[in-house]
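Topology and contacts: notes
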Amino acid sequence: MRFAGNVIWFVLGGWYTALLWLLGAAVFALSIIGIPLTIAALQMAQLSAWPFGKDVVHIRELDGKGLSATTAVTGTVGLIVNVIWACTFGFLLFLAYLVAGVLCCLTLIGIPFGLQSFKLAGISLWPVGRRVVPSELANLARNENARTKLAKYRGASA
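Residues numbered from 1 in each chain as written. Predicted model: local features only at pLDDT ≥ 70, side-chain atom pairs only at ≥ 80, totals over all residues. Heavy atoms only, no water.

Remarks on the side chain of S117
Filter applied, for reference: Secondary structure elements follow DSSP: runs of H or I of four or more residues count as helices, runs of E of two or more count as strands, with numbering from the N terminus. In this scheme, a residue with accessible area under 20% of its type's maximum is buried, one over 50% is exposed, and one in between is partly exposed, where area comes from a 1.4 Å probe on protein chains only. When checking whether two residues touch, look at their non-hydrogen atoms; a contact exists if any pair is within 4.5 Å.
Counting through the fold element by element, S117 comes out in helix α5 (residues 111-125). You can call S117 buried: its relative accessible area is 0%. Leaving out residues up to four positions away in the same chain, S117 has contacts with W9, Y97, A100 and G101.

Shown next as structure tokens:
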């Protein structure tokens, strides 16, 4: 089912939004500061072309690193780069995905495609610090983080 969904998505416009991501990646690749954004945009272009069966998670959900001096600095830099992205290509992509999502949800058959559009709309504003992974890995990482947080809460209340 994922394969069929991805093929239909790609043919009916996924290639177009992937090209928008690639255009943004090319523009930001021209500067040294934009290299982290270029890497994120390339991953998101791949997700935009073939979204079914994949999900996006924050890098801290995958690596399990807590707050440290290094993660604080990289998080701050990521925030600045994300703001620059949101003010340029991010808002354009957000609107494109939002319109596509609404149009897809007008029909019963289009609802799964609309949901993918809404997922991509949220990601399009803040791509730096996110990783595209298979849905199963994303669920596993989220469950593991939830178990860790629950253990901390239980330890703090005991």
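Notes on the pattern of salt bridges
Condition: We count a salt bridge whenever a side-chain nitrogen from Lys or Arg sits within 4 Å of a carboxyl oxygen from Asp or Glu.
One pass over the full model with this rule turns up five salt bridges. Between R142 and E61 there is a salt bridge, with its nearest N and O atoms 3.9 Å apart. Residue R142 is found in helix α6 (residues 135-157), and its partner E61 is found in helix α3 (residues 59-63); the two are separated by 81 residues along the sequence. Its relative accessible area of 27% is what places E61 among the partly exposed residues. Connected via shared salt-bridge partners are D55, E61 and R142.

Looking at the nonpolar core
The cut-off we apply is this: What we call a nonpolar core is a set of buried Ala, Val, Leu, Ile, Met, Phe, Trp, Tyr and Cys residues that are connected through their side-chain atoms within 4.5 Å.
Ranked by internal contacts, the top residues of the largest apolar core, which has 24 residues, are W21, M44, L47 and W85. Elements that contribute at least two residues to this core include exactly α1 (2-29), α2 (35-49), α4 (69-104) and α5. Ranked by residues supplied to this core, first place goes to α2 with six residues. In contact with W21, not counting residues within four places along its chain, are A41, M44, A45, S48, W85, L93, Y97, I123, S124 and P127.

Description of the packing of α1 against α2
Selection criterion: Orientation is described by axes fitted as lines to C-alpha atoms, over the contacting stretch for helices, and by angles from 0 to 180 degrees between their N-to-C directions. These descriptions rest on fixed angle ranges, namely under 35 degrees for roughly parallel, over 145 for roughly antiparallel, 65 to 115 for roughly perpendicular, and the rest for oblique. All residues other than Ala, Val, Leu, Ile, Met, Phe, Trp, Tyr, Cys, Pro, Asp, Glu, Lys and Arg, Gly among them, are scored as polar; the first ten of these are nonpolar and the last four charged.
Axis separation between α1 and α2 bottoms out at 7 Å; the angle between their running directions is 170°. With respect to α2, the element α1 is oriented roughly antiparallel. Contact residues: α1 offers N6, W9, F10, G14, T17, A18, W21, L22, A25, F28 and A29, while α2 offers I35, L37, T38, A41, L42, M44, A45, S48 and A49. Split by residue class, the contact of α1 with α2 holds 15 nonpolar, five polar and no charged.

Focus on a nonpolar patch on the surface
The cut-off we apply is this: Each patch is built from salt-bridge-free residues with over 30% relative accessible area, joining like charges within 9 Å and nonpolar side chains (Val, Leu, Ile, Met, Phe, Trp, Tyr) within 5 Å. Accessible surface area values rest on a Shrake-Rupley calculation with a 1.4 Å probe, where residue burial reflects the displayed protein chains alone.
On the surface, F3, V7, I8, F10, V11, L12, W15, Y16, L19, L22, L42 and W50 cluster together into a nonpolar patch covering about 1200 Å² of accessible area. Position of F3 among the secondary structure elements: in helix α1. Accessibility expressed as a relative area gives 66% for F3, which makes it exposed.

Focus on the packing of aromatic side chains
Threshold: The criterion for an aromatic pair is that two Phe, Tyr or Trp rings (for Trp, the six-membered ring) have centres within 6.5 Å, with stacked assigned to planes under 30 degrees apart, edge-to-face to planes over 60 apart and tilted to the rest.
All told, the structure shown has eight aromatic pairs when counted by the stated rule. The interplanar angle of 80° and the centroid separation of 5.4 Å between the aromatic rings of F52 and F113 together place this pair among those described as edge-to-face. Here the residue F52 occupies a position in the loop between α2 and β1 (54-58), and F113 occupies one in helix α5, the gap between them amounting to 61 residues. With respect to burial, F52 and F113 carry one shared label: buried. Chaining the aromatic ring pairs together yields one cluster made of W21, F28, W85 and F89.

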